[in-house]
Each structure stands twice: as C-alpha cells, then as structure tokens.
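Residues per chain are reported as follows:
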Amino acid sequence: MRFSALRVLKEGLTGNKGWTPHWRDPQPKDEYDIVIIGGGGHGLSTAYYLAKNHGLRNIAVLEKGYLGGGNVGRNTTIVRANYFLQGNSEFYSHSLKLWENLEEDLNYNVMHSQRGLINLFHSDGQRDAFVRRGNSMVNQGDDAILLDREGVREHLPYLDFEQTRFPIYGGLYHPRGGTARHDAVAWGYARGADERGVDLIQNCEVTGIDIENGKVKGVQTTRGAIKAKKVGIVVAGRSGQVAAMAGMRLPIESHVLQAFVTEGLKPVIDHVVSFGMGHFYISQSDKGGLVFGGDLDFYSSYASRGNLPMKEHVMEAGMTLMPMIGKAKVLRSWGGIMDMTPDGSPIIDKTDIDGLYIDCGWCYGGFKAVPGSGFSFAHLMATDNHHAPAAKYRLDRFRTGYGLMDEEGTGSQHNLH
Amino acid sequence: MRLPCPICGERDRREFYYQGEAVALDRPAPDADERAWDDYLHNRDNPAGETRDLWYHDGGCGSWLVVHRNTITHEVYSAELARDVKGRMK
Amino acid sequence: MSNAVSALNGASSNGYVTVAERGLVGMVTLRGDLASKELNDAVKSVTGQEVPAQRAIVHGDMSVAWMSPDELLIVCDHAKADQVVSDLGAALKGVHHMAVNVSDARAVFAITGEKTREVLAKMAPADVHPDRFGMGEIRRTRLSQVPAAFWMVSETEATVVCFRSVAEYVFKLMSVNSVAGSEVDAF
C-alpha cells in the first residue's frame, strides 16, 4: 500500500475502508539469517537498511514490548548535524542527509521539519567555542551561521534579552536542524522493513543468547528458541543486560533523562532553541505542546522517571531564558533510560563473539541518529566491514584510548557525561 | 530520592555528588594489564535492580558513601561510609 | 586597612518570622584530626570549649561547631578572628592542621519568631523537627540551591551561616519563605 494525495482523497470519499495494517504480526520462525534484538528506532532502521541496501530478507526484529514503545516514542524529537569532532561530524552529517530524503524513501510522512536550530551563547568564551564548532560543521559540508545578538533577536524576539545574569551574546544557527514526529519514524521504518519481508515480532523478550565455540547460534526468547547466523543487539538503555547474556560487560551506564510537554498552544516557538547557561532546550510540536528538556539526573537508573531537582532546574532555566513560558501548564514529564558511554559517543561494532554485533551508547542523542545508525549498522552486519561515516564508533576505543570522542570536553569518564 | 548519610542523617539528592558504581574501592594493581584497567575504568555491570554506588556528601560532611539502592524503584536500602566498606575489604 | 562591612549591611525583613543579617561575625575554620589530644588541647586553650561531638555546637565566649569529621567552625568576635588563628597556629605547631580566618567569606543571619523551625524546614532537606534537631546541635546542609549551616539559639531563634557570595540569595529566600500568609504550621 502506497500513500499518496490521491489515495488520501479516495479513502476520504469512500469511508476510509481501504487502509490496511502497516505491518504483519508474524509468528517467529525457527531460524533467521539475522536477528535484531530491539524494535526501537535503531533496530527497525537497521532491519530496513539490511533489506533495502543489502537485499537480505530473512530477518527478524525481536521486541519485548511493542514497536516504538521505548525511547524512539518518547524523546524531544530533535534532528541536527552540529557535531564538532571527527567521527561524530561525518556520521551525523550522513544521518541528516538520510533524514532529508526519508519521507520519499519510506513513503511515509514523518513530519520532518527543518525549522532551524539555534544554540545560544552568553559569554565571549562560549562564542569562541561556537565559532569553532560552526567552522567544523561548515568544513563537514553542513550549515552553520553565527548570529550576533540582533541576529538572534530577529529569529527569537521573545527571549529575555534584558536580563543581566546571563546576557544573550548571540547564537549558532543551524538552519537544516529541526524536528520530526518520533512515532512516525518508528512506524515508517517498521512498515518499510515489513514490506521487504522482515518479520517484526512483538511481545518477544530475549532471555538468552546461544553461543558455541565463540560463535553466535541464536537466541532464547519468551516465544521459544530462534536460531540465527548473526545477531545484532540494539537495545539502548538495556544494553548492559542483553550483553550480559553473551557474557560481556559494556562501557555503558544507564541514566535517566527527563523531558516535559505542556498543553497545546498556538504557534509561538518556531525553532529549536537551546540555552547556553543551565541545561534547557525547547521546541514546539505540530500539535502545539512545548517540548523541552534538560540534563541527566546524574545517577544510574532504570526507573523511567526522574527526580524533582532536575525538574526544578529545567523550569528555572526555561523561565530565565523565556519568561513567557511561565504561563504554560506542563501536562506530563517522562524519564528515558539513556545508554551512557564514558566519552558520550556511541558504539557500532562487532564483538569478540563471532556473528554478534552491537549498536549502543547513543547517550541522550539517539533520535537524530536513527537513520544513520541503522544504515551503518546494517552495513557492518551485512558486510563485516565498518561503514565509513561510523568507522570511529569502535568498542575498543576505551581500552586503547585511541579515537575517544569526548564532544563535551569533560574527560572520558562515566559520571561526567 | 533521599540518601541516609551515616554522619548527617537523611538528606536529599542535591546534597550529593554521584561518582558511579562502587568499583573505585577495588582498584587493579598499578602494573595490572590493560584489560584489567579498561574493565575497571569503563566496563560496568550496570544492573537493573540492586546496585552499590559511590556518592560524595559535598553539601554536608564531605564523606564518601557506598549507597545500596535499587535502580528500578529508586528505593534506597542503606548507606555506609566508604572507608568502612574499604576497611572490611582488606 | 579598609573598614570591614558585612554582606548586606544588616538587611532585615519582617514576615511571619523576622530575618536579619547579623553584621560582622568572626569565623575560623579549623581542620585536623578531631580525635587527637593536641587538637583537643588547642581548641580548649584557645576557645575555652571542648571539641563538640558529631553534629553538635558548644557555646561560651566563643562557639565551636562540628562541621564534618575533620572540620570545626569557631565563632568569635570579628576583631578576634586573626588572633584565634595565630593562637591555634602556636598551639598546634608541628601538628598537621589548617586554621583559616573565613569571617569575610561568610554571611550570618538570625531568624526569630515562633515558626523559626518551619521556615528552616521549608528551605533545607535536613530534618529540623524538635525531636530530631535540638538545642546544641548544628546542621550543615543546603538552603534550597546553596550550601548553608544553622543551629537553634532558642526555640524561637536560629542562626544561619552561608557563603558571602550567596548572601543576597539566602536573605531573599528566607524572606520569601516567611511572607505572612505562607504559614504551613508544620510543627
């Protein structure tokens, strides 16, 4: 089934009776060439690109809950390519290019909106850092424009420019940055993978990974044993537990990150805006809710809910930057489980076990990476070679100390990112 | 989340700095191999459930604590001075 | 030498308790082995007080407060603080310790009124119920976003100490938390 304007018109006139389910609900087979553990954004896009780019068909995605029910359905939906370090820069640049073609590619409206992203700076030192970052982005072939205070005011007249504590000196404007409808991204990839023959198996929790003589043989699940020639672990915050089934310990600590949504409002915030003093960033969803978030709560947690001090900090930072949002009512907040690496950058690599691959460590920035991560992980799983834009996401970089990507410059240590 | 500091009493999370899993009490020997140091510095059990981690009471008495808590429920079972835990390990 | 001035020049506010900056107060931080005889003797000879127990404060001409397992705070006249430091230095010669005059790095407030405990409870995570925080005790904790310490002078008065750099914040915090009509009758 293809979506088109004509189809929408026809269905509208005929009672919307012709729509079919987006994907099948298949029984797991006894054996697959490739099993992907995890039916979130990254797992679904991996399956999609394995099928589309590499012609593989005998693939299953195993999801313990429902498709897109984890972080891909609960995030602040920001899409950007404004990274500084080599390794990250080319990866996110590639991912953004995939985003820009995603709706055509998937024949699915993911509501990708390149509304522009502005990172504000509030001191000369921060300006220098953003000039440097902007140059790095331009060198990579992406877009970055340095705005002075008046330049920011043209875009964001509602900010508190008069406050003396954190004066707004300017901003780094990334016009191609923006947002997308997070659920639709999961659904679009699921539908695309399903159309190409991938079995998407929900309510199927992996309980063990079968390994013989250093080679992966399959997985044990709540719906029976499934043999597989290759297995990919793409389970975000749960990476530690699933890797433990293969006897591995990962350089990952799972932390909680909170985000918030207000009641629906008329359009008021046209961009994605981030505050440079205090952790706060905000955009407005197409439904009208203000979507905003802050920093980690900074302790390991799987509780999917955060603590009050970080909520307080986010609200304070928001009020400092744009006092007008004090009138908006927060409808809900949630806490996602973030797979934090010591250097804050992800891992897409083989493991020491033959046929077992891992894609994890997306920290608090996994959503924008969904296309690129799936594309590169599929390349790795299909060819056993690293895909160039993701070649630096090696698991052994922590052991060797070579190629660490500490984007925040705080040091490669667990509690600092 | 409130942590029961053995010296100051129960205080809220903001008085504490989080260090991470309490591996620092068991450092590898200085001449241990690269893998041992990698494991110590980077790799974590990252348990979903009970964990023991190190917190520093910087807003209070300045003690390092080993906190026994649950990462799924945020329940805090107990907190001990890290030096006492370390003392028992010797 | 320039005239010493307290952080807020004696600012005060009248809500359902009274908050007043106390002006210049002498404060000396002493760090060392609180269990050692040398340090105990030195504290006794310089301040006239015994080293207080954990979470305790003792009063006399000078007050001595427990701050952490290796730290005391000596409260004295502002003009005497330098003398206290040099006396401690002499008494502890050759003993590992640190004594510093921190008077001008601190701000001190008095909260007075029937509901003094309640105002503290609104700002601090420490338990200040009379059964848990009596006379002769000190709490080193936070007031909302910043570090602070406080003790009860009587059932209707508390002394609050914070860093000078956040004096205005703490003053406003206490004032706002004691605005008439915001009583919660916690105790």
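What comes next concerns the included structure. (Residues numbered from 1 in each chain as written. Chains lettered and ligands numbered in written order. Predicted model: local features only at pLDDT ≥ 70, side-chain atom pairs only at ≥ 80, totals over all residues. Heavy atoms only, no water.)

**A look at the interface of chain C and chain B**
Move 1: Facing 14 residues of chain C, the contacting portion of chain B comprises 13 residues.
Move 2: Taking both partners together, chain C and chain B bury about 1000 Å²; carbon and sulfur atoms supply 47% of that area.
Move 3: Considering only the surface of chain C that becomes buried against chain B, P125, R140 and R142 of chain C emerge as the three largest contributors, covering 44% of it.
Move 4: One can count 8 residue pairs in polar contact (both at pLDDT 80 or more) joining chain C with chain B.
Move 5: Put simply, the parts of the chain that give the side of chain C that touches chain B at least two residues each are β5 (63-68) and β9 (138-143) of chain C.
Move 6: Broken down by element, the side of chain C that touches chain B gets its largest block of residues, 4 residues, from β9 of chain C. (Contact = heavy atoms within 4.5 Å. Buried area = accessible area lost by both parts, 1.4 Å probe. Polar contact = N/O pair within 3.5 Å; in protein donor to acceptor, adjacent residues only side chain to side chain. Helix = DSSP H or I, 4+ residues; strand = E, 2+ residues; numbered from the N terminus.)

**Topic: the sheet that holds strand β8 (residues 106-112) of chain C**
What holds strands together in a sheet is hydrogen bonding between their backbones, with the strands either parallel or antiparallel.
Residues and elements named next belong to chain C.
Move 1: Here 6 strands make up an open sheet; going across it, the order is β1-β2-β8-β11-β10-β9 and the pairing antiparallel. Each end of this open sheet is capped by a strand with a single partner; those strands are β1 (12-14) and β9. Here the strands of the sheet are splayed against their neighbours by 25° on average, with no regard to which way each runs.
Move 2: Here 4 bridges tie strand β2 (residues 18-21) to β8, and the two strands are oriented antiparallel to one another. Among the inter-strand pairings, A20 is bridged to a residue of β8, identified as A110.
Move 3: Sheet strands touched by helix α4 (residues 167-176): β1, β2, β8, β9, β10 (146-154) and β11 (157-163). Its angle to β8, the strand with the most contacts, is close to 10°. (Pairing = 2+ DSSP bridges. Axes fitted to C-alpha atoms, helices over the stretch in contact; angles between N-to-C directions.)

**Comments concerning the pairing of strand β17 (residues 347-350) of chain A**
Residues and elements named next belong to chain A.
Move 1: Relative to strand β18 (residues 356-360), β17 runs antiparallel, the two sharing 4 bridges. Residue pairing across strands places I347 opposite C360, the latter belonging to β18.
Move 2: The turn linking β17 back onto β18 is made up of 5 residues, and G355 within it adopts a positive phi angle of 85°.

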